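# Residue-level structural notes
Each chain, letter by letter, is given below.
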Amino acid sequence: MRLGQRPAYQTFLLYLALVLVTLFFLLPLLWILRTSLITKAQAYQIPPNFHVQLTLENYIEVLTTNKFARYYLNSAIVSLSATVLSVVFGAMSSYWLSRQPGNMTGAKLAILATQMIPPIVLVIPINTLIRSVGLNDSWMALVLAYLTFNLPYVIWMLLGFYDNVPRELDEASAIDGCSTMQTFFKVVFPLIAPGMMATAVYSFLVSWNEFVFALVLSGNATRTIPVAIAALETQHGVKIAELCASTMLAILPIVILSSFIKKYLVNGLTFGSIK
Amino acid sequence: MATVQLKNIKKIYPHSESKQKKGLFGKKKDEEPEKKHNLQITAEGTVAVQQFSLDIADKEFIVLVGPSGCGKSTTLRMIAGLDTITEGELYIDGRLVNDVPPKGRDIAMVFQNYALYPHMSVYDNMAFALKLRKMPKAEIDRKVREAAEILDITEYLDRKPKALSGGQRQRVAIGRAIVREPQVFLMDEPLSNLDAKLRNQMRSEILKLRQRIDTTFIYVTHDQTEAMTLGDRIVIMRDGFIQQIGTPHEVYNHPHNLFVAGFIGTPQMNFFQTRLECENGEFYVPLYGTRFELNEKQKQMIKERGIEPQEITLGIRPEHVSLCKEGGVEAEVDVSEMMGSSVHLHCSVQGEEVVVIVSGLELGEEHASGFSHGEKVRLHFDSNVLHLFGADEVNLL
């Protein structure tokens, strides 16, 4: 037996354990998927009936009568805008911070400190502010609110990536004839692109899933998916089949996004671990 | 090709920067600032370079040399425009450039850690500066291929820097600089990341390159061998001050002070605490019970300068100490280092260490592989090449 090679029974047990752990985490999701694909009556059956005909009627209902397409658009606009703005502003401010002489520890800690405030504490003051400037029930209100917690996190996350890019590269490019903007776009940006992609994905996920601010700041016109899903719990009970269908729809973009950019995400999260 | 003039250049790093480096909780208010090396610390900050004046001629190869923290890299960075100049004036080709950004100075720089753009191929690294200048593609191609030919890196043009060895990366870094045909070529310890063999090879290549591209070079190193072999003139620095400017021959044979005498030369010059004595108008130096008579030239200089008998540090280079059969001073061998063509003997004479270089030709068969520990030898000091340093550490002669 070669060094490091396991006996067959050990490999079997290992895989069995892995399958069980994976099932433990996947089971709720699989159950949601199953519930979304059966009729409403079957969804409420206890004990559950496993011999059912699969149907897309919940999805059709969610997308047509519940205006889910509209909420999808709201969520997409708000999440994308918050992500783009936080990554653009975050990338620039984080680059500046990273290139200052000294560690700028005070400034960095101040940025991190904003992440220590529970979001719920900020909801009321931000709501008051938004109403006072007449932005209530608008995409802009949500985007601005999301920026308050996305931007500090993006700055903090990108700082780590910038710090891994040697300053000598900035200096070499300055001598080669680059302005600060050219150095940023031609030299530094390509090097931290994987990190920026990872940060953008994270920012998008946070915005897409955000609930508390969306609940308070959005109205009928700007309702996002998490709020719309929560609204399926009515005074007549939980519309479980529609709720499961809308949950699957909410997850779908994240799954597609993640599989597309998996390569960048892994690169970004491991950036700098090996020189 | 250009002249470079530095007039009374001073660089102060403000305290705020060093405080920031310490972080928020790094230091108490009343704590003394940390003293790095022996740099002067003033109210404004740490003085990294001061009273630096130097005229560099067109096409001259100047080497700034000194121990870590002496201000040589700071000086180079000020010339490059990467660090601001606190005081003084810097002229490149007669133009005051204190406030000109790096790209306006027409300089190229080779960094210690190469600073190649990792996402670009070798070709793109070399072409980058030319593309920024919006040079026609055909001309860029010609220049890059020409430089690659000179540096023997043509076959690597399509590779990324990570696929190259240290020596190849350094060639690319040099190539990136030469394609621009700059007025001044700056090099910041370009060979210090290479192994000894490659360093020797690259050193001779830099010499060849210099003959080929014939421009003004300013080269920073802490390696005195590089300084001696490459420079037309050497600037030796310590604690932010220039110690001596001179040709390799001058700094080696006529060191201005004790620091230069000790810094230049391997193994280091031997120093002895003794006195300059005068008897009947004849000056001599007593050492280990013997008397070193000064030669006529030395006596003449002492008279001209009105030097009085005084406590001195006597300096003798290891190659000016030889082994003798009779006479001289008795010594005991502590360590014998076989260098191939010569042997470096670390001997102890009355408790003091004396280093001697013995040429391989002088070694008899019994000492072909060096000397054994504790072996007794007799040393002869050549009085024609003595260096006498006064109490202020300055060379008296």
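Residues numbered from 1 in each chain as written. Chains lettered and ligands numbered in written order. Predicted model: local features only at pLDDT ≥ 70, side-chain atom pairs only at ≥ 80, totals over all residues. Heavy atoms only, no water.

## Some thoughts on the pattern of salt bridges
Tallied over the full model, the rule gives 24 salt bridges over all chains. Notably, a salt bridge pairs B:Arg77 with B:Asp83, separated by 3.4 Å at the nearest N-O pair. By relative accessible area, B:Arg77 is classed as buried at 19%. Residue classification places B:Asp83 among the buried residues on the basis of a relative accessible area of 13%. The salt bridge partner of B:Glu282 is B:Lys299, with a shortest N-O separation of 2.9 Å. Of the two residues, B:Glu282 sits in strand E13 (residues 282-287) while B:Lys299 sits in helix H10 (residues 296-305), which places them 17 residues apart along the sequence. Here B:Glu282 falls in the partly exposed class, since its relative accessible area comes to 36%. Counted as one network, the salt bridges with shared partners bring together A:Glu171, B:Arg77 and B:Asp83. (Salt bridge = Lys/Arg side-chain N within 4 Å of Asp/Glu carboxyl O. Buried < 20%, exposed > 50% of the residue type's maximum accessible area, 1.4 Å probe, protein only. Helix = DSSP H or I, 4+ residues; strand = E, 2+ residues; numbered from the N terminus.)

## Regarding the environment of A:Leu232
Residues and elements named next belong to chain A. Relative to the elements of secondary structure, leucine 232 occurs in the loop between helix H11 (225-230) and strand E1 (233-234). On the basis of relative accessibility, which here comes to 5%, the residue leucine 232 falls in the buried class. When the C-alpha positions of leucine 232 and asparagine 66 are compared, they lie 9.3 Å apart, and in sequence the two are 166 residues distant. Residue contacts for leucine 232: discarding those within four places in its chain leaves Asn66, Gly237, Val238, Lys239, Glu242, Leu243 and Ser246. (Contact = heavy atoms within 4.5 Å.)

## A few points about empty space enclosed by the protein
This structure, assessed with the given rule, holds one cavity of 30 Å³ or more. The calculated volume of the largest cavity comes to roughly 50 Å³. Lining the largest cavity are A:Ala172, A:Ile175, A:Asp176, B:Ala108, B:Met109, B:Phe111, B:Arg176, B:Ala177 and B:Arg180. Elements with a contribution of two residues or more to the lining of the largest cavity: helix H8 (167-176) of chain A together with strand E7 (107-110) and helix H5 (166-178) of chain B. For the lining of the largest cavity, the leading source of residues is H8(A), giving three residues. Here the lining of the largest cavity is composed, by residue class, of six nonpolar, no polar and three charged. (1 Å grid on protein atoms, 1.4 Å probe; cavity = no way out; pocket = protein on both sides within 12 Å on 5 of 7 lines; lining within 4 Å. Points joined across faces, edges and corners; volume = space filled by probe spheres on them. Nonpolar A, V, L, I, M, F, W, Y, C, P; charged D, E, K, R; others polar.)

## Observations concerning the sheet that holds strand E8 (residues 184-188) of chain B
All names here are of chain B. Pairing is mixed across the open sheet formed by six strands, whose spatial order is E7-E8-E9-E4-E10-E11. A single partner strand is all that each edge strand has here, and the edge strands are E7 and strand E11 (241-246). Strand after strand, the sheet turns through a mean of 15 degrees between neighbouring axes, direction not considered. One ladder, built from five bridges, connects E8 with strand E9 (residues 216-221); its direction is parallel. Bridge assignment links leucine 186 to a residue of E9, and that residue is isoleucine 218. In the packing of helix H6 (residues 196-213) onto the sheet, the strands contacted are strand E4 (61-65), E8 and E9, and the crossing angle to E9 comes to about 160 degrees. (Pairing = 2+ DSSP bridges. Axes fitted to C-alpha atoms, helices over the stretch in contact; angles between N-to-C directions.)

## A short note on the packing of aromatic side chains
Taken as a whole, this structure holds 21 aromatic pairs over all chains when the rule is applied. Taken together, the ring pairs in this structure connect A:Tyr95, A:Tyr162, A:Phe184, A:Phe185 and A:Phe189 into an aromatic cluster. Between the NZ or CZ atom of B:Arg291 and the centre of the ring of B:Tyr284, over which it lies, the distance is 3.8 Å. (Phe/Tyr/Trp six-rings, centres within 6.5 Å; stacked < 30°, edge-to-face > 60°. Lys NZ or Arg CZ within 6 Å of the ring centre and 35° of its normal.)

## Some points on the domain arrangement of chain A
Residues and elements named next belong to chain A. Here chain A is described as being made up of domain 1 (8-57) and domain 2 (59-264). For domain 1 versus domain 2, the separation of C-alpha centres amounts to 32 Å. Facing eleven residues of domain 1, the contacting portion of domain 2 comprises 13 residues. The three residues of domain 1 that bury the most area against domain 2 are Ile32, Ser36 and Lys40, which together make up 39% of that side's buried surface. Applying the counting rule to domain 1 against domain 2 returns zero salt bridges. For the side of domain 1 that touches domain 2, the secondary structure elements donating two or more residues are helix H1 (8-36) and helix H2 (40-44). Looking at the side of domain 1 that touches domain 2 element by element, the count peaks at five residues for H1. A breakdown of the residues in the side of domain 1 that touches domain 2 according to their chemical character gives seven nonpolar, two polar and two charged. (Domains from an automatic or database assignment. Buried area = accessible area lost by both parts, 1.4 Å probe.)

## Section: the interface of chain A and chain B
With 23 residues of chain A at the interface, the matching set in chain B holds 27 residues. Note on chain A versus chain B: buried area summed over both sides is about 2000 Å², and carbon and sulfur give 67% of it. When residues of chain A are sorted by the area they lose upon contact with chain B, A:Glu171, A:Ile175 and A:Asp176 head the list and together hold 33% of the total. For the interface between chain A and chain B, the tally reads two salt bridges.

## What to know about the nonpolar core
Core analysis: the biggest nonpolar cluster contains 56 residues, and A:Tyr162, B:Leu6, B:Phe52, B:Leu186 and B:Ile218 have the highest contact counts within it. When residues of this core are assigned to their parent elements, the largest contribution, seven residues, is made by helix H9 (residues 180-209) of chain A. Residues in contact with B:Phe52, not counting those within four places in the same chain, are B:Leu6, B:Lys7, B:Asn8, B:Ile9, B:Leu64, B:Thr75, B:Val235, B:Met237 and B:Ile242. B:Val110, B:Val144, B:Ile234 and B:Ile236 belong to the second-largest nonpolar core, a separate cluster that totals 46 residues. (Core = buried A, V, L, I, M, F, W, Y, C linked by side-chain atoms within 4.5 Å.)

## Concerning the state of the cysteines
Residue and element names in this part refer to chain B. Counted under the stated rule, the structure contains zero disulfides over all chains. Among the cysteines around cysteine 324, which has no disulfide bond, cysteine 347 carries the closest sulfur, lying 11 Å off. Residue cysteine 324 is classed as partly exposed on the basis of its relative accessible area, which comes to 22%. (Disulfide = S-S within 2.5 Å.)

## Things to note about helix H7 (residues 139-163) of chain A
Its 25 residues place the ends of H7(A) 34 Å apart at the C-alpha level, agreeing with the 36 Å of an ideal helix rising 1.5 Å per residue. Considering bend angle alone, the principal kink of H7(A) is centred on A:Leu147 and spans about 40 degrees. (Expected span 1.5 Å × (residues − 1). Bend = angle between axes of the 7 residues up to and from the residue.)

## Re the sheet that holds strand E5 (residues 87-92) of chain B
All names here are of chain B. Pairing is antiparallel across the open sheet formed by five strands, whose spatial order is E2-E3-E1-E5-E6. The strands lining the two open edges of the sheet, one partner per strand, are strand E2 (40-41) and strand E6 (95-96). Where strand E1 (residues 4-14) meets strand E3 (residues 45-56), eight bridges bridge the pair, whose relative direction is antiparallel. Residue pairing in the sheet places isoleucine 12 in a bridge with valine 47 of E3.

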